[in-house]
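What the coordinates show
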Amino acid sequence: MFEPTIIIAAASLTGLLIVAAAMLRGWQGWLELKRSELEGHTGPRSEEGSSMGAARIELADLKERIKKLEAIASGVDL
């Protein structure tokens, strides 16, 4: 009745559609998670004071770490 090649092609296409739909659903969930994380960090908290100072300190610390790692990578002793 049906040729085996057509059945295999249809089954493969169906499987591909299912996998693509699952991946799209996961991507949308991940984006929603990141969106909710960003909305939770949208400004200084009144009970803790301004978080800008802490962020600047952390940024300076990260920059210093990057400089140290670059020096290590280039073989320079600090």
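These lines cover the structure that appears in this document, whether it is placed above or below. (Residues numbered from 1 in each chain as written. Predicted model: local features only at pLDDT ≥ 70, side-chain atom pairs only at ≥ 80, totals over all residues. Heavy atoms only, no water.)

What follows covers the packing of aromatic side chains. Enumeration over the complete set of coordinates arrives at 1 aromatic pair. Geometrically, the ring pair formed by Trp27 and Trp30 is stacked, given 5.4 Å between the ring centres and 25 degrees between the ring planes. You can see Trp27 and its partner Trp30 sitting in helix α1 (residues 4-40), 3 residues apart, about one turn around the helix. According to the relative accessible area criterion, Trp30 is partly exposed, its value standing at 42%. (Phe/Tyr/Trp six-rings, centres within 6.5 Å; stacked < 30°, edge-to-face > 60°. Helix = DSSP H or I, 4+ residues; strand = E, 2+ residues; numbered from the N terminus. Buried < 20%, exposed > 50% of the residue type's maximum accessible area, 1.4 Å probe, protein only.)

Let us look at the pattern of salt bridges. Under the counting rule described, the total for this entry stands at 4 salt bridges. Glu37 is the partner of Lys34 in a salt bridge, and the nearest nitrogen-oxygen pair spans 3.4 Å. One end of the pair is Lys34 and the other is Glu37, both in helix α1 and 3 residues apart, which spans about a single turn. (Salt bridge = Lys/Arg side-chain N within 4 Å of Asp/Glu carboxyl O.)

An ideal rise of 1.5 Å per residue puts 33 Å on 23 residues; helix α2 (residues 52-74) measures up with 33 Å between its terminal C-alpha atoms. After α2 finishes, the residue Gly75 shows a positive phi value of roughly 90 degrees. (Expected span 1.5 Å × (residues − 1).)

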